[in-house]
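So you can see what is in the structure, the chains are spelled out below.
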Amino acid sequence: KKYGVACIFHNKIKVEEFETPTDTRLFFGADWGFSNDPTVLGRMFIKDNKLFIDHEFYAIGIEITELERAFDTVPGSRKWVITADCERPDTISYMSRKGFNIRGSKKGKGSVEDGIQFLRGFEEIVIHPRCRGAIDNFNNYKWKQDKVTQEVLPIPADGSDHWPDSARYALQDYIKAKEANIRWL
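Residues numbered from 1 in each chain as written. Predicted model: local features only at pLDDT ≥ 70, side-chain atom pairs only at ≥ 80, totals over all residues. Heavy atoms only, no water.

(A) Representation of the environment of isoleucine 155 in the model. Residue placement: isoleucine 155 occurs in strand β9 (residues 152-156). Relative accessible area serves as the criterion here: at 40%, isoleucine 155 is assigned to the partly exposed category. (Helix = DSSP H or I, 4+ residues; strand = E, 2+ residues; numbered from the N terminus. Buried < 20%, exposed > 50% of the residue type's maximum accessible area, 1.4 Å probe, protein only.)

(B) Representation of helix α5 (residues 162-170). In terms of burial, α5 is a largely internal element, nine of the nine residues being buried. Within α5, burial applies to His162, Trp163, Pro164, Asp165, Ser166, Ala167, Arg168, Tyr169 and Ala170.

(C) Quick look at the packing of aromatic side chains. The final tally for this structure, using the stated rule, is 10 aromatic pairs. On the basis of an interplanar angle of 70° and a centroid distance of 5.1 Å, the ring pair of phenylalanine 18 and phenylalanine 52 is categorised as edge-to-face. Here the residue phenylalanine 18 occupies a position in the loop between β1 (13-15) and β2 (27-31), and phenylalanine 52 occupies one in strand β4 (residues 50-59), the gap between them amounting to 34 residues. Judged by its relative accessible area of 13%, phenylalanine 18 falls in the buried class. Since its relative accessible area comes to 12%, phenylalanine 52 is described here as buried. For the pair phenylalanine 71 and phenylalanine 100, a centre-to-centre distance of 5.8 Å together with 80° between the ring planes defines the contact as edge-to-face. With phenylalanine 71 in helix α1 (residues 67-71) and phenylalanine 100 in the loop between α2 (89-97) and β6 (102-104), this pair connects stretches of sequence that are 29 residues apart. Among the residues examined, phenylalanine 71 registers a relative accessible area of 0% and is labelled buried. Given a relative accessible area of 2%, phenylalanine 100 falls into the buried group. (Phe/Tyr/Trp six-rings, centres within 6.5 Å; stacked < 30°, edge-to-face > 60°.)

As structure tokens, then:
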């Protein structure tokens, strides 16, 4: 389902096959889930003011003991830094002991909104067709709407935020650098 103007990434998403350059910087972000929410490990890169999403692990009901095998399905996950949701330091510690270079994200007041603004700043978010979770989440992440008037509110709705959260964790240092540059202009 698309929600038109209520969709946060309306007119930003493009699904197509592409080749990942061998000489590019990769970014990895993880969002933890279990019973209702998926565990997500996303891999992405930036080129020509576009965000490219090329690989993912995305599943509900993954036990902590299955995470190592799950993360190993994403190429390069042991080579590059993974920035993960800091709300689960025990899981981050576990994955670090399993050989992943993983760190907790930095959250704070306005970090969700700043991350959304940063992601919307890309000309496009290009998603490889194999990344079904990313396609679903980016197309269905929406703004809340007033129940009476259907007015679109500037508040992100819960639900399809797992991949966008993973992307903003992965890109948090770029988001912070952009914020700092804006403040000093």
